[in-house]
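# Observations on the three-dimensional arrangement
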Amino acid sequence: MTVSIRAIDPVARPFFAGDVSGVDITRPLSHAEAAAISAGMDQYGVLVFHDQHFTDETQLAFSRNFGALEQATGDIAQGSERRLSMDVNDISNLNKDNEILARDDRRRLFGLGNRLWHSDSSFKAVPAKYSLLSARRIPSAGGNTEFADMRAAYDALDDETKAECQNLICEHSQLFSRAVLGFSDFTDDERQKFAPVKQRLVRRHPVTGRRSLYLASHAGSILGWPVPEARAFLRDLTEHATQRKFVYAHVWQQWDLVMWDNRVTMHRARPFDNTEVRDMHRTTVACELSTMDQAA
Ligand SMILES: [Fe+2]
């Protein structure tokens, strides 16, 4: 079989989201298949695979083709509370007995942070490169995931704003993103664990050389700036970067696997009926370096 990638919306966004066919990614990949998918990720930023019946084990094996994996230390469910292993981020509305979390369950309220535009693990010193999200069970309606192309958003900035952004360094933390929704119910341990980390605002893709805005709801300050001014500036940039012309909305089918490059995209979850199950398993490939250690 040959890996084939077709642009999902070739007119408006020629190389943003790609639909991949001709490959069963639940089985071990050939070198050529893995290379074709990596090249597709560099070109597009978001790839969609349909009908991939993953278990956690086969999803982990596929993910390892693209680098070392992250542990799910950003989840607040840890230890005996966890439903899934530490190799897998639990993007579901379920507890460890596979029951739907109550509306006011702390884990659910924390997870609602996913409704804000973000880039996965930007709150870690070495953030995420790729996220791979497998739809195990989906609700009958809603629950889309939207993606915004931060390369196109950067390119569309005027020269003055590009110059202003170029050397800025932001601080990212889940304490900031949850505070946006009024969630502040953190333990002392979590406050320590989620202490802010520094990230460059402008990144350069190591393969394509394209620049992109590295934004996320986790970004709560800019070094050397007063906080309200930093937040107003980041809010303006986010508003710019998430205009519909930069966004692809993925409507899930069960057993879709969507893979995205967190270095060049933001994403957010959309609401759904919480009396229905939505069970998504995310594996995450880590970056090799902090954004502070790469050329701007
Ligand atoms: Fe996410």
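So, here is what we can say about the structure in this document. (Residues numbered from 1 in each chain as written. Predicted model: local features only at pLDDT ≥ 70, side-chain atom pairs only at ≥ 80, totals over all residues. Heavy atoms only, no water.)

### Focus on the pattern of salt bridges
Should their charged atoms come close, side chains of opposite charge can pair. Condition: In the sections that follow, a salt bridge refers to a side-chain nitrogen of Lys or Arg positioned within 4 Å of a carboxyl oxygen of Asp or Glu. Note on exposure labels: buried denotes an accessible area under 20% of the residue type's maximum, exposed denotes more than 50%, and partly exposed covers the range between, all computed with a 1.4 Å probe on protein chains only.
Here the structure, examined in full by the defined rule, presents 17 salt bridges. Ionic pairing is found between arginine 151 and aspartate 149, a salt bridge with its closest N-O pair at 3.0 Å. With respect to burial, arginine 151 and aspartate 149 carry one shared label: buried.

### What about the layout of surface pockets?
As a reminder, the rule being used: Lining residues are those with an atom within 4 Å of a point, where the points come from a 1 Å grid over the protein atoms alone and group into cavities, where a 1.4 Å probe fits but cannot get out, or pockets, open sets with protein on both sides within 12 Å along at least five of seven lines. Grid points are joined across faces, edges and corners, and a volume is the space filled by probe spheres set on the points. Runs of H or I in DSSP of at least four residues are treated as helices and runs of E of at least two as strands, each being numbered from the N terminus.
Approximately 880 Å³ is the volume found for the largest pocket. Elements represented by at least two residues in the lining of the largest pocket include exactly strand S4 (89-92), helix H3 (106-111), helix H6 (174-180) and strand S14 (265-269). Each pocket or cavity is described by its volume, and for the second largest pocket that value is around 420 Å³. Sorting the residues of the lining of the second largest pocket by element identifies H6, strand S11 (219-222) and helix H8 (227-241) as the ones contributing at least two each. By residue number, the principal contributor to the lining of the second largest pocket is H8, which donates five residues.

### Re the side chain of histidine 240
Definition in use: Contact between two residues is taken to exist if any of their heavy atoms lie within 4.5 Å; hydrogens are not considered.
Position of histidine 240 relative to the elements: it lies in helix H8. Not counting residues within four places of it along the chain, the set of residues in contact with histidine 240 comprises Ala153, Ala156, Leu157 and Phe246.

### As for the nonpolar core
Let me state the cut-off plainly: Grouping buried Ala, Val, Leu, Ile, Met, Phe, Trp, Tyr and Cys residues that are joined through side-chain atoms within 4.5 Å yields what is termed a nonpolar core.
Grouped together as the largest cluster of nonpolar side chains are 23 residues, with contacts concentrated most on Leu201, Leu213, Leu215 and Leu237. Top element by residues in this core is H8. It accounts for five residues. By size, the runner-up hydrophobic cluster in this structure holds 20 residues, among which are Leu29, Phe49, Phe54 and Val285.

### Some words on the environment of leucine 257
As for its placement among the helices and strands, leucine 257 is situated in strand S13 (residues 257-261). For leucine 257, a relative accessible area of 0% corresponds to the buried category. Residues leucine 257 and arginine 108 lie 149 residues apart in sequence; the distance between their C-alpha atoms is 23 Å. Ignoring anything within four residues of it in the chain, the contact list for leucine 257 reads Ile25, Leu47, Val48, Phe49, Phe54, Gln59, Phe62, Leu132, Leu133 and Ser134.

Coordinates in, geometry out; function isn't part of it.
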